[in-house]
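# Observations on the model geometry
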Amino acid sequence: MSEGQDSGRLYPAEWQRGPRYSGAYTFARCPVTRDLWLADVAVIGVPMDMAVLYRSGARFGPRAIRDASGQLRPHHWEADKLEPPFDALRVIDYGDLDVFPGYIEQTVAHLQSQLAPVFDAGVFPVILGGDHSTTLPVLRACSLKHGRLSLVHFDAHPDFWPPSDSKRPVHHGTVFRIAVEEGLIDPAASVQIGIRGSVSAGILDEVRAAGFNVITCDEFSRQGVESTVRRIQEVVRHPVYVSLDIDCVDPAFAPGTGTPEVAGMTSREIVELVRGLRGINLVAFDIVEVAPAYDSAEITALLAANLVYEFLLILAQRG
Ligand code: MN
Ligand code: MN
């Protein structure tokens, strides 16, 4: 019986068998396997950052998040209210998917085909990116399984720009325009939260004209967590895909990212927003754009790891 396994049930490695900073860097010290029949949730790395327009480095995001996740303990301070995630869920670390550096289109297609068996097995994918182009093949695979999706998109940027080259349409700023064009998501049942900075004014008009519900970071700041959560819960109606670009958070709390924008939300606020997603019909989650080279004291990676943990708590709670 290997570490982390007990009578066929998968658990994270026990701290008594070695400190939290020891052993292989798997997510929360969960066992590494591709045996999907063992799992309810698969944490999957996509080490790809060739689709960025500014600073690269998110290819090392999955590693950094796994590394920081060594601190995650298999219980929660709200244990009387929330079931510890690893009692309710069998969580595996699926490892990283194959990417071909320098070949965006080929990689995007190959990622989709690698993800299909995960969706087919009914295993909930938690995707660690990667730049935001990571989301496109996940959305495609997810939509094949679940039909049209509601998107809950946390980001400083709308990622709805038109491709500048129709032959090479994919970069990290075109993903949701392509997703709408392909009918993967229903913008009227989707919401973007946290948009700010020197994005061109016209793009927000385009996003809203496409039907998206947009809560800019200024609006979020005025209305607060509670009414934002209420709005999200009102808007979504299909199976829900959550895409969380870590740059939704202020660079004071999450500097380790390629395209930082000042005056964002706090780490506390994003945790509360994610907790507010309880009860909605989640089918997949990604967290993208963590670029450890720009991080300081691992605060960005640690936040990302904890946001994944908050998702696991939501999934554990629904059973
Ligand atoms: Mn983004
Ligand atoms: Mn962004």
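Residues numbered from 1 in each chain as written. Chains lettered and ligands numbered in written order. Predicted model: local features only at pLDDT ≥ 70, side-chain atom pairs only at ≥ 80, totals over all residues. Heavy atoms only, no water.

## Describing the coordination of the manganese ion (ligand 2)
The cut-off we apply is this: Shown as donors are all N, O and S atoms within 2.8 Å of a metal ion, widened to 3.2 Å for Na, K and Ca; because water is not in the atom set, sites may appear incomplete. In this text, helices come from DSSP runs of H or I with a minimum length of four residues, and strands from runs of E with a minimum of two, each type numbered from the N-terminal end. We call a residue buried when its accessible area falls under 20% of the maximum for its residue type, exposed when it is over 50%, and partly exposed in between, using a 1.4 Å probe and counting protein chains only.
For the manganese ion (ligand 2), the protein coordination sphere consists of Asp-155 (OD), His-157 (ND1), Asp-245 (OD), Asp-247 (OD) and Asp-247 (OD), at 2.1 to 2.5 Å. A distance of 3.2 Å spans the gap from the manganese ion (ligand 2) to the manganese ion (ligand 1), which Asp-155 bridges by coordinating each metal. Of this pair, His-157 sits in the loop between strand S6 (150–154) and helix H5 (175–181) while Asp-245 sits in strand S9 (residues 240–245), placing them 88 residues apart in sequence. Assigned by exposure class, His-157 and Asp-245 land together as buried.

## Quick word on the coordination of the manganese ion (ligand 1)
In this structure, His-132 (ND1), Asp-155 (OD), Asp-159 (OD) and Asp-245 (OD) serve as the protein donors to the manganese ion (ligand 1), at separations of 2.1 to 2.2 Å. Counting gaps between the donor residues of the manganese ion (ligand 1) yields the pattern H-x22-D-x3-D-x85-D.

## Some thoughts on the sheet that holds S9
Cut-off, in case you're wondering: What makes two strands pair is DSSP finding at least two bridges between them. To obtain an axis, a line is fitted to C-alpha atoms, over the contacting stretch when the element is a helix, and the angle between two such axes runs from 0 to 180 degrees between their N-to-C directions. Contacts were defined at the residue level, with two residues in contact if any of their heavy atoms lie within 4.5 Å.
Spatial ordering of the open sheet is given by S4-S3-S5-S10-S9-S6-S7-S8, a layout of eight strands whose pairing is parallel. Pairing within the sheet leaves two strands with one partner each, and these edge strands are strand S4 (91–96) and strand S8 (213–216). Mean inter-strand twist for the sheet, computed between neighbouring axes without regard to direction, equals 15°. Bridge count between strand S7 (residues 191–195) and S8: four bridges; the pairing is parallel. In the strand pairing of S8, Ile-193 is matched with Ile-215. Helix H7 (residues 217–235) contacts S6, S7 and S8 of the sheet and is inclined by roughly 150° relative to S8.

## Re the side chain of Asp-155
Going by this rule: Under the counting rule used here, the positive set is Lys and Arg, the negative set is Asp and Glu, and His together with the chain ends is not counted. Salt bridges, as used here, are contacts in which a Lys or Arg side-chain nitrogen is within 4 Å of a carboxyl oxygen on Asp or Glu. Polar contact criterion, stated in full: a pair of N or O atoms within 3.5 Å, where within protein one must be able to donate a hydrogen and the other to accept it, and residues adjacent in sequence count only if both atoms are side-chain atoms.
In this structure, Asp-155 sits in the loop between S6 and H5. Here Asp-155 sits buried without a salt bridge, and the closest side chain of opposite charge, Arg-196, lies 7.1 Å off (N-O distance). A polar atom in the side chain of Asp-155 sits 3.2 Å from the side chain of His-132. Looking at Asp-155, its side chain comes within polar contact range of the side chain of His-153, at 2.8 Å. Not counting residues up to four positions away in its chain, the partners in contact with Asp-155 are His-132, Ile-193, Gly-194, Ile-195, Asp-245, Asp-247 and Cys-248.

## Here we look at the pattern of salt bridges
Per the stated rule, a full pass over the model turns up 12 salt bridges. With a shortest N-O distance of 3.4 Å, Arg-237 and Asp-186 are connected by a salt bridge. With Arg-237 in the loop between H7 and S9 and Asp-186 in the loop between H5 and S7, the pair connects residues that are 51 residues apart, well separated along the chain. Taken together, the salt bridges that share partners define one network made up of Arg-66, Asp-93 and Asp-96.

## A short note on the packing of aromatic side chains
Just so we agree on the cut-off: Pairing of aromatic rings covers Phe, Tyr and Trp, the last counted by its six-membered ring, and requires centre-to-centre distances within 6.5 Å; plane angles under 30 degrees mean stacked, over 60 mean edge-to-face, and any other angle means tilted. A ring is scored as having a charge over it whenever the NZ atom of a lysine or the CZ atom of an arginine sits within 6 Å of its centre and within 35 degrees of its normal.
This structure, assessed with the given rule, holds three aromatic pairs. Between Phe-86 and Tyr-309 the ring centres are 6.4 Å apart and the planes differ by 55°, which places this aromatic pair in the tilted class. Pair noted here: Phe-86 is in helix H2 (residues 85–88) and Tyr-309 is in helix H9 (residues 299–318), with a separation of 223 residues, a long-range link. We classify Phe-86 as buried; its relative accessible area is 3%. Using a relative accessible area of 4% as the deciding quantity, one classes Tyr-309 as buried. Centroid distance Phe-285 to Phe-311: 3.6 Å. Interplanar angle 15°. Geometry classified as stacked. Separated by 26 residues along the polypeptide, Phe-285 in strand S10 (residues 282–288) and Phe-311 in helix H9 bring together distant segments of the chain. Phe-311 shares its class with Phe-285; the two are buried. A cation over an aromatic ring shows up here: Arg-55 above the ring of Tyr-294, its NZ or CZ 3.8 Å from the ring centre. One cation-aromatic arrangement involves Arg-177 over Phe-160; the distance from NZ or CZ to the ring centre is 4.6 Å.

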